[in-house]
Amino acid sequence: MNAHNGSNGSSGTSGVDDIVACAQALFEDTNFTAARQWKEAEPGRKVIGYMPIYVPRELIHAAGALPLGIVGGGDQMDVIHGDAYYQSYICRIPRSTIELGVSGRLDFVDGMLFPSICDVIRNLSGMWKLMFPHVYTRYFDVPQNYVDDIGGNYYVSELTELRHALDELSGRTVTDDDLRRSIAAYNENRRLVRDLYRLRSEVPWKAPAAEVYLVLRAGLVLPVEDHSRMIGDYIRAAGALDRPMRDNCRVVLTGLFCEQPPLNLIKSLELAGCYVVDDDLLLVTRWLTEDVALEGDPLVNLASAFLHHSESTSAKYEPEESKKGKYLIDAVRRSRAEGVIFASPSFCDPALLDRPMLQHALKAAGIPHIAFKYAENSGQMQPIREQAGTFSDAIKLWSAT
Ligand code: SF4
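Computed from a prediction, not measured in an experiment: that's the story for all the values here.

## Brief notes about the sheet that holds strand S8 (residues 369-374)
- Pairing within the open sheet is parallel, and its four strands lie in the order S6-S5-S7-S8. Two strands lie at the open edges of the sheet, namely strand S6 (274-279) and S8, each paired on one side alone. On average, adjacent strands in this sheet sit at an angle of 30 degrees to one another, irrespective of strand direction.
- Sheet analysis places strand S5 (residues 249-254) next to strand S7 (residues 339-345), joined by four bridges and oriented parallel. What sits directly across from Thr254, in S7, is Phe342.
- Contacting S5, S6, S7 and S8, helix H10 (residues 263-271) runs over the sheet at an angle of about 125 degrees to S6.
- Of the strands in this sheet, S7 and S8 are in contact with helix H13 (residues 349-365), which crosses S7 at around 170 degrees.

Here it is as structure tokens:
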């Protein structure tokens, strides 16, 4: 499968346009045509869906299957049946994910992984088991204890169980060497994602947040090798572009790690005068912050990377109170941001319960911030544009005094 056509790393706008158009087509396709075609291309291929935030995609890849990221239905899909399964006062992603399932859009998916992020996702995993009994469904628990002998051992046993389940599902035995090859492919992908984020942080006018998001999001659908090619081509093409620099302020966008904001919301922030220079969108693409070791036991290496080199987020336990919010302040300093925008899904417990503590840490560090909520299908962007625009103006005024 080609990630996109016609881009060979050319430096013209057309190179960027082609890549972004391809990524946008994947983003808009709620029938997952690319993943269906991948599966149909060879008999016996399997597709394993997963929800946010993180699953070890290396294991799925090593079993010869395609990991398919499912992040709800966005703003392109009416939720008709999904609403009947949930009360109104929770976020929208479980309802639109149910809609994807009952409307047959995921009828080609052989397995679904629901990582432990919150009670909503846990309940969804139970419902999926009942509703789609022919699909391998697993609530994928990850440790909240980061000691190797405790959380690490537990995580290795979870990975071992998943590996055996994937052996059965794929009809082949996943060897350690298979796993090492897959870890190498994802190491390469994460390196490119880090390069992409570095490019945007250094020259945000050349790599707008909405484009970066679309390129990143393509990685939920494409095989990792195709996605790596796409990112590399985008970095080369966008880096060589001569786009005008605007008088925008630089912000870190945070709180959006699960239900995704509408694409228009991301575009609106930049139109309102805020360059997004770091964010926590689609964390699965860069959850592990360093290369996973290739020598030794691959499951132990994956567990060790999870415990010691993984992103911080509101869905991850921080045992030391004094460190609460440190990762966010570090992100601000690293990206030379001038402020933080908290944007979270309505009714998102992990994000909204954490927000006051993070705001407290920012206040103590003297970092300006604003906050609002969204749903994946929010349509009215004017209030958000006004709020972000005022924030940007205020930052410029403060920095001028
Ligand atoms: S948006 Fe928040 S509450 Fe909803 S499923 Fe995701 S983490 Fe859980």
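## Details of the site of the ligand
- Close contacts around the ligand come from Cys91, Ile93, Ile117, Cys118, Val120, Ile121, Cys258, Glu259, Pro345, Cys348, Asp349 and Pro350, and that covers them all.
- Because more than half of its atoms lie within 2 Å of the grid, the ligand is assigned to the second largest pocket.
- Within the residue set of the shell around the ligand, elements represented by two or more residues are helix H5 (119-131) and H13.
- Partitioning the shell around the ligand into residue classes produces ten nonpolar, no polar and two charged.

## Things to note about the pairing of strand S4 (residues 136-140)
- With five bridges joining them, strand S3 (residues 111-115) and S4 adopt parallel strand pairing. Residue pairing across strands places Leu113 opposite Arg138, the latter belonging to S4.

## So, the sheet that holds strand S1 (residues 47-50)
- Spatial strand order, S2-S1-S3-S4: four strands in an open sheet with parallel pairing. Two strands lie at the open edges of the sheet, namely strand S2 (66-69) and S4, each paired on one side alone. Between one strand and the next, the sheet's axes are offset by a mean angle of 25 degrees, whatever the strand orientation.
- Strands S1, S3 and S4 of the sheet are contacted by helix H6 (residues 148-170), whose axis makes an angle of about 170 degrees with S4.

## Points about the nonpolar core
- Among the nonpolar cores identified, the biggest contains 124 residues, and Leu68, Tyr234, Phe257, Leu269 and Ile341 are the most heavily contacted of them.
- For Ile341, the residues in contact, after removing those within four places along its chain, are Val251, Val252, Leu253, Thr254, Leu269, Cys274, Ile370, Phe372 and Phe391.

## A few points about the pairing of S8
- Residue alternation in S8 divides its side chains into a buried set, Ile370, Phe372 and Tyr374, and an unburied set, His369, Ala371 and Lys373.
- In the sheet, S7 pairs with S8 via six bridges, with the strands oriented parallel. Within the sheet, the bridge partner assigned to Ser344 lies in S8 and is Lys373.
- Following the backbone out of S7, through H13 and into the adjacent parallel S8, one traces a crossover that is right-handed.

## Some words on the confidence of the model for the protein
- Per-residue pLDDT for the protein averages 94, and the proportion of residues at 70 or more is 96%.
- Note on residues 5-11: pLDDT under 50 across the span, and twelve contacts to partners over four residues away in sequence or across chains.

## Looking at the state of the cysteines
- As enumerated under the stated definition, the model contains zero disulfides in all.
- The thiol of Cys249 is unpaired, and the distance to the nearest cysteine sulfur, on Cys274, comes to 3.9 Å.
- With a relative accessible area of 1%, Cys249 lands in the buried category.

About the thresholds
- Residues numbered from 1 in each chain as written.
- Predicted model: local features only at pLDDT ≥ 70, side-chain atom pairs only at ≥ 80, totals over all residues.
- Heavy atoms only, no water.
- Pairing = 2+ DSSP bridges.
- Helix = DSSP H or I, 4+ residues; strand = E, 2+ residues; numbered from the N terminus.
- Axes fitted to C-alpha atoms, helices over the stretch in contact; angles between N-to-C directions.
- Contact = heavy atoms within 4.5 Å.
- Near = heavy atom within 4 Å.
- 1 Å grid on protein atoms, 1.4 Å probe; cavity = no way out; pocket = protein on both sides within 12 Å on 5 of 7 lines; lining within 4 Å.
- Sits in = over half its atoms within 2 Å of the grid points.
- Nonpolar A, V, L, I, M, F, W, Y, C, P; charged D, E, K, R; others polar.
- Core = buried A, V, L, I, M, F, W, Y, C linked by side-chain atoms within 4.5 Å.
- Buried < 20%, exposed > 50% of the residue type's maximum accessible area, 1.4 Å probe, protein only.
- Right-handed = clockwise from strand over helix to strand, strands pointing away.
- pLDDT = per-residue confidence, 0-100.
- Disulfide = S-S within 2.5 Å.

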